[in-house]
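For reference, the chains in residue letters:
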Amino acid sequence: MAGIIPLIIISTVGMAVTENRIIETRTKNVSAQFSMLSNLFYSNSNDDIESDTYYDTLADDIAGVFLSRVQLINRDFTIISDTYQINKGKLCISAEVNQCFNGVNQAYTDKKNQCIVLTQAIKDPQSGKITHVMFATSSIADIYTAMHSIRLVLVTIIIILIVALIALGIFSAYQLGRPFRNIRETIEHIGEGGMAQDISIEGASELQTISGSFNTMLKRINQLETSRQEFVSNVSHELKTPMTSMKVLAESLVGQQGVPEELYQEFLGDIVNELDRENNIITDLLTLVKMDSTGMEMNITQVNINELIEAQLKLVRPLAKEKNIELVMESFSPVIAEVDETKFSMCISNLVVNAIKYNNVDGWVHVSLNADKTYFYVKVQDNGFGIPEEAQEHIFDRFYRVDKARDRATGGSGLGLAITKTIVMAHKGTIKVFSQVDKGTTFTMQIPLTYLDKQNA
Ligand code: ADP
């Protein structure tokens, strides 16, 4: 649109300059020819110079050349010939004629009357005196008409251009605005509580990038919403199960009269177990929620990993003893690393307790520690139940259990590995599982010796 204004200015100025040039050229040409033709006055000596017919014929001839009006004026300022036959015999005492008798010829443009005004002094070749003045007006209306037509065409083109540009502008604004409207509507829809749906944008690559990022964000929102819903329903379910068992146990005691003391003992023992389980689930849940909400506050110190593992094994040894499981620690090098001691102890504990829980009586659990220049490696290996291949990718999910009934009976919350993975990732480490059903399971952790905080990561 901004290009239109210079276009209008250039064309207006250009038209005016061109018009002046054409008129100037025409004036020069007409003036030159007029001066040449005026010499005819005394050139034909055979004709009767003083006769009216001679004047009229001469004036007509000259007028015919320029499409003009020619008047011949004598020394008495009397018009002796007029090609329009209007002023013949009348007096003409104009400034131009007067000046011309004084030897000053004129040639100028009268824009108002759209003509070139010319005066030409005619000298008697013998006496050299000015005897007549030839006064002519040559029409330049044709130039004005042509310029007017050109102006009309130009204005039409400019109007068409403006209309086309406005239409194009409105269309482009609508087209450009469409993806943004799309995004806005989707955001409003989410804002009103609706589920996020993908937006599709074709065309401009910048917008496509935005829509790509936006879709990734929507996918993430959907995932979070789905996992939040799953999490809430899992939490409710997990917390309800021990409650239901406890209620059944308590009701069966309340509903009977004269219940033997042994049965009381047994049922109350079961209720205590269920309470422990409930307690474990709540503790694990609180640990996870705390990690999520605080973005995991890390209390990093230099820790002797050999000692840390030994201490954890000491704590779980009674558990291993119950199933007569051999619990061995193998250290290939002394390791000092920057870790959050409490959190990393939880990882070791979770992995070793699992290796004992999901193991057979008389089984074994081997824990090994190794390091290179950058990382240290902890391996927890058992010869227990193993994990089916299809379940291996889910075991780090919250509340996931391979065998729902059996694993719940072992007292797990289904949150241990989720907590472990979160802690390992907070240390910028990795955790992997290798397992074969009925042969055993190996978990390996790779953790940087030097803690890399978020800024350096
Ligand atoms: P849980 O509290 O149920 O033990 P975890 O998150 O620690 O929850 O483990 C998730 C599931 O992974 C367990 O229920 C179990 O089925 C499986 N699992 C974990 N460790 C082992 C292991 N060493 N051997 C076999 N199965 C295991």
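Below or above, wherever it landed, is the structure these notes cover. (Residues numbered from 1 in each chain as written. Predicted model: local features only at pLDDT ≥ 70, side-chain atom pairs only at ≥ 80, totals over all residues. Heavy atoms only, no water.)

**Focus on the layout of surface pockets**
Over the atoms, a rolling probe the size of a water molecule traces out where space has been left empty.
Line of reasoning, step 1. Of the pockets and cavities examined, the second largest pocket occupies roughly 720 Å³.
Line of reasoning, step 2. If you trace the second largest pocket, you find 17 residues lining it, with Arg-220, Leu-224, Ser-227, Asp-292 and Arg-398 closest to the centre.
Line of reasoning, step 3. Elements with a contribution of two residues or more to the lining of the second largest pocket: α6 (205-254) and α12 (416-426).
Line of reasoning, step 4. Top element by residues in the lining of the second largest pocket is α6. It accounts for nine residues.
Line of reasoning, step 5. Across the lining of the second largest pocket, the residue classes tally to five nonpolar, four polar and eight charged.
Line of reasoning, step 6. The residues that make up the lining of the second largest pocket include at least three from each of domain 2 (205-292) and domain 3 (296-456). (1 Å grid on protein atoms, 1.4 Å probe; cavity = no way out; pocket = protein on both sides within 12 Å on 5 of 7 lines; lining within 4 Å. Points joined across faces, edges and corners; volume = space filled by probe spheres on them. Helix = DSSP H or I, 4+ residues; strand = E, 2+ residues; numbered from the N terminus. Nonpolar A, V, L, I, M, F, W, Y, C, P; charged D, E, K, R; others polar. Domains from an automatic or database assignment.)

**Some points on the environment of Phe-396**
Line of reasoning, step 1. Inspection of the secondary structure puts Phe-396 in the loop between α10 (389-392) and α11 (404-409).
Line of reasoning, step 2. With relative accessibility at 14%, the residue Phe-396 sits in the buried group.
Line of reasoning, step 3. In this structure, the C-alpha to C-alpha distance between Phe-396 and Gly-128, residues 268 residues apart in sequence, is 124 Å.
Line of reasoning, step 4. Once you skip the residues sitting within four places of it in the chain, Phe-396 turns out to touch Leu-417, Ala-418, Lys-421, Ile-431, Val-433 and Phe-443. (Buried < 20%, exposed > 50% of the residue type's maximum accessible area, 1.4 Å probe, protein only. Contact = heavy atoms within 4.5 Å.)

**Thoughts on the sheet that holds strand β11 (residues 430-436)**
Line of reasoning, step 1. One open sheet holds the five strands; their spatial order is β7-β9-β10-β12-β11, and the pairing between them is mixed. Taken across any chain shown, the strands that pair with only one partner, and hence form the sheet edges, are β7 (326-331) and β11. Geometrically, the sheet is characterised by an average inter-axis angle of 10° between neighbouring strands, direction not taken into account.
Line of reasoning, step 2. Note that β7 and strand β9 (residues 364-371) share six bridges and pair parallel. Residue pairing across strands places Glu-330 opposite Ser-368, the latter belonging to β9.
Line of reasoning, step 3. Contacts between helix α9 (residues 341-357) and the sheet are confined to β7, β9, β10 (375-382), β11 and β12 (440-448), with β10 contributing the most and set at about 20° to the helix.
Line of reasoning, step 4. Set on the sheet, α12 makes contact with β11 and β12; between it and β11 the angle comes to about 140°. (Pairing = 2+ DSSP bridges. Axes fitted to C-alpha atoms, helices over the stretch in contact; angles between N-to-C directions.)

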